[in-house]
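What follows is each chain in one-letter form.
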Amino acid sequence: MLTLGRRRLLQGGLLGGSGLLSACAATGSAPTLPPIRARTDRIYDMAVCLRPFRAAGPRLDTERLGNTLVVHNYGHGGSGWSLSWGSSAIAVAKAMQASPQEVAVIGCGALGLTSAILAQRAGAKVTMYAREQIPDTRSFRASGAWTPDSRIALTSVAGPAFAAEWEQMARTSFKTHRQYLGLPGTPVEWTDYYSIRADQPAPPAPPAAPPVPRLDFASYSRSIADLVPKYRKLAPEAAPFRASAVYQTEIMVFNIADYGHTLLADFFTAGGQFRHADFHSPAEIAALGKRVVINCTGYGARALWDDESIVPVRGQIARLIPQPEVHYGLDYKHVYVVPRRDGIIVQDVGGGDMKGYGDATETVDRSESDRAVTTLSELFRSGLGA
Ligand SMILES: Cc1cc2nc3c(=O)[nH]c(=O)nc-3n(C[C@H](O)[C@H](O)[C@H](O)COP(=O)(O)OP(=O)(O)OC[C@H]3O[C@@H](n4cnc5c(N)ncnc54)[C@H](O)[C@@H]3O)c2cc1C
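Described in the following lines is the structure provided in the data block. (Residues numbered from 1 in each chain as written. Predicted model: local features only at pLDDT ≥ 70, side-chain atom pairs only at ≥ 80, totals over all residues. Heavy atoms only, no water.)

### Here's the deal with the packing of helix H2 (residues 80-96) against helix H4 (residues 155-178)
Next, step 1: The N-to-C vectors of H2 and H4 enclose an angle of 110 degrees; their axes lie 7 Å apart at closest approach. By the criterion of interaxial angle, the relationship of H2 to H4 is roughly perpendicular. Residue-level inspection shows Trp81, Ser82, Leu83, Ser84, Trp85, Gly86, Ser87, Ala89 and Ile90 of H2 in contact with H4, the latter providing Glu165, Trp166, Gln168, Met169, Ala170, Thr172, Ser173, Thr176 and His177.
Next, step 2: Across the contact of H2 with H4, the residue classes tally to eight nonpolar, nine polar and one charged. (Axes fitted to C-alpha atoms, helices over the stretch in contact; angles between N-to-C directions. Helix = DSSP H or I, 4+ residues; strand = E, 2+ residues; numbered from the N terminus. Parallel < 35°, antiparallel > 145°, perpendicular 65-115°, else oblique. Contact = heavy atoms within 4.5 Å. Nonpolar A, V, L, I, M, F, W, Y, C, P; charged D, E, K, R; others polar.)

### Examining the nonpolar core
Next, step 1: Within the largest apolar cluster, 54 residues are counted, with the highest numbers of intra-cluster contacts made by Trp81, Trp146 and Ile294.
Next, step 2: Ile36, Ile196, Leu234 and Ala318 belong to the second largest nonpolar core, which has 27 residues in total. (Core = buried A, V, L, I, M, F, W, Y, C linked by side-chain atoms within 4.5 Å. Buried < 20%, exposed > 50% of the residue type's maximum accessible area, 1.4 Å probe, protein only.)

### Some points on the pairing of strand S5 (residues 125-130)
Next, step 1: S5 sits mainly inside the fold: five of its six residues count as buried.
Next, step 2: Pairing of strand S4 (residues 102-106) with S5 involves five bridges; the strand directions are parallel. Directly across from Ala104, in S5, lies its bridge partner Thr127.
Next, step 3: Note that S5 and strand S9 (residues 273-276) share four bridges and pair parallel. Opposite Ala130, over in S9, you have His276 as the bridge partner. (Pairing = 2+ DSSP bridges.)

### Quick notes on the site of the ligand
Next, step 1: Of all residues adjacent to the ligand, which total 35 residues, the nearest are Gly77, Ser82, Glu132, Ser139 and Ala145.
Next, step 2: Between the ligand and the protein, one listed contact pairs an oxygen atom with a backbone N or O atom of Gly80 at 2.9 Å.
Next, step 3: Take Thr147: an N or O atom from its side chain is 3.1 Å from a nitrogen atom of the ligand.
Next, step 4: Out of a free accessible area of 1,000 Å², the ligand has 98% covered by protein chains.
Next, step 5: Of the residues forming the shell around the ligand, the biggest block, three residues, is contributed by H2. (Near = heavy atom within 4 Å. Polar contact = N/O pair within 3.5 Å; in protein donor to acceptor, adjacent residues only side chain to side chain. Areas by Shrake-Rupley, 256 points an atom, 1.4 Å probe, with all protein chains shown as cover.)

### Let's talk about the environment of Glu132
Next, step 1: Of note, Glu132 is situated in the loop between S5 and H4.
Next, step 2: When its relative accessible area of 31% is taken as the criterion, Glu132 is described as partly exposed.
Next, step 3: Along the sequence, Glu132 and Gly109 sit 23 residues apart, while their C-alpha atoms lie 8.4 Å from each other.
Next, step 4: For Glu132, the residues in contact, after removing those within four places along its chain, are Cys108 and Thr137.

### Considering H2
Next, step 1: At Gly86, H2 shows its largest bend, some 35 degrees.
Next, step 2: For H2, the tally of buried residues reaches 13 of 17 residues, placing the bulk of the element in the interior. (Bend = angle between axes of the 7 residues up to and from the residue.)

### So, the sheet that holds strand S11 (residues 310-320)
Next, step 1: Read from one edge to the other, the open sheet built from eight strands follows the order S1-S11-S14-S13-S12-S6-S8-S7, with strand pairing classed as mixed. Of all strands in the sheet, those with a lone pairing partner are strand S1 (43-54) and strand S7 (232-233), marking the two edges.
Next, step 2: Here five bridges tie strand S6 (residues 188-197) to strand S12 (residues 328-332), and the two strands are oriented parallel to one another. Within S12, the residue paired with Ser195 across the bridge is Asp331.

### A few points about the sheet that holds strand S10 (residues 292-295)
Next, step 1: The six strands are arranged S2-S3-S10-S4-S5-S9 in an open sheet whose pairing can be described as mixed. Looking at which strands have only one partner, the edges of the open sheet turn out to be strand S2 (62-65) and S9. The mean angle between the axes of side-by-side strands here comes to 25 degrees, regardless of whether they run parallel or antiparallel.

### Observations concerning the pattern of salt bridges
Next, step 1: Under the criterion given, the structure shown has 21 salt bridges.
Next, step 2: Between Lys355 and Glu368 there is a salt bridge, with its nearest N and O atoms 3.8 Å apart. In this pair, Lys355 is assigned in the loop between strand S14 (343-348) and helix H8 (366-381) and Glu368 in helix H8, connecting sequence segments 13 residues apart.
Next, step 3: For Asp370, the salt bridge goes to Arg366, with nearest N and O atoms at 3.0 Å. Here the residue Asp370 and the residue Arg366 both occupy positions in helix H8, the gap between them amounting to four residues, near one helical turn.
Next, step 4: What makes Asp370 partly exposed here is its relative accessible area of 22%. (Salt bridge = Lys/Arg side-chain N within 4 Å of Asp/Glu carboxyl O.)

### Quick notes on the environment of Arg59
Next, step 1: With respect to the helices, strands and loops of the structure, Arg59 is situated in the loop between S1 and S2.
Next, step 2: Exposure remark for Arg59: the relative accessible area of 16% places this residue in the buried category.
Next, step 3: Considering only alpha carbons, one finds Arg59 and Gly75, 16 residues apart in sequence, at a separation of 6.1 Å.
Next, step 4: Among all residues touching Arg59, those that are not within four sequence positions of it are Arg54, His72, Asn73, Tyr74, Trp305 and Asp307.

### Examining the packing of aromatic side chains
Geometry of an aromatic ring pair is reported as the spacing of the ring centres plus the angle between the planes.
Next, step 1: Taken as a whole and judged by the stated rule, the model has 18 aromatic pairs.
Next, step 2: Summarising the aromatic geometry, the rings of Tyr180 and Tyr259 are spaced 5.2 Å apart at their centres and angled 55 degrees between planes, so their arrangement reads as tilted. Highlighted residues: Tyr180 in the loop between H4 and S6 and Tyr259 in helix H5 (residues 256-269), separated in sequence by 79 residues. When sorted by exposure, Tyr180 lands in the same class as Tyr259, which is buried.
Next, step 3: Within the aromatic cluster, the residues linked to one another by ring pairs are Trp81, Trp85, Tyr180, Phe254 and Tyr259. (Phe/Tyr/Trp six-rings, centres within 6.5 Å; stacked < 30°, edge-to-face > 60°.)

As structure tokens, this is what we get:
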């Protein structure tokens, strides 16, 4: 999300020679970009997702419920898609230590699907139990970009051990996402990205409600700076947007409709079974009588496991009717855009990491999406845009 771009720009400035931000402005002629048709009547879908945030980072420990070994794999904040493969690799390694022939996975979101597929690849027969399949999960309502340290932990709580584990998860995930590049349906792709500094300062973002003190969200991306392209400041004649400053990079995009469909299809092709289930307590999971269970219930773990360490961080996306010709994302005046194949994602990110913190409201606020799309329309209408 924007936070990654902003953080990396900030780090580039603060760290001087860190190399995250190239020192020289890139010159040359500006590319002509097809404009995004940013009109509120082109919003065809709006959805709210709750990021399952834990100050200590995702829960990956194990516990025993009678004869059942439970491996937890939940609480990935705003980074669940990004870290899915790496986190699930850790969970599956713990599960396979018990040498099970069968593994049960609870959940069919990003973490459940990747855990199930990795357990199959490790040789286990897998049954997935979940209340919802991927299109109805919270994972389906994410923005769909490589954001591995978006609201993943608090520096003061998680500590250096988690920083090392995070790097392992991020590197493993990145490698595995790459295997889905270039496939029919385009589950994963690279796309251009512009961070546009407006000539006019953005109006102050509405305060996060209820008001909360700012927290020290962990920022780890420096440790994996070798994985992704750097931001470059574009010279005015090379910038496709007329603004006080334009930075350009490339981002990895997850086309969630296709990525989810591909993962579920791969799971079934490898012989996976799905059972609809709505668990109300760990005892009901123990009653399945399985030797090993991987718990990938995301925000649902808060109620199911009575885990109040999970804090909801509300976020809302709007989808504009897809424009296959648009291959760039951007951020402009607190509006964040990801050009997915299943719709151009537009999100109001004013308030930064604290936006939506502690807010478990899952009803859509139409005015929030209308405002974001209207701000985006200014960029193109005013002649600033491509
Ligand atoms: C606005 C927004 C944008 C985001 N953008 C990104 C992004 O660009 N990149 C990124 O990496 N991450 C992003 N995220 C974060 C990402 O969406 C989450 O981290 C991720 O979806 C968590 O996945 P999960 O599989 O743990 O949980 P979920 O998707 O919630 O899946 C949980 C599964 O468990 C099942 N379940 C839960 N409770 C029970 C129960 N009691 N009984 C039976 N089944 C149960 C559910 O039915 C579901 O199948 C974003 C989040 C938000 C809110």
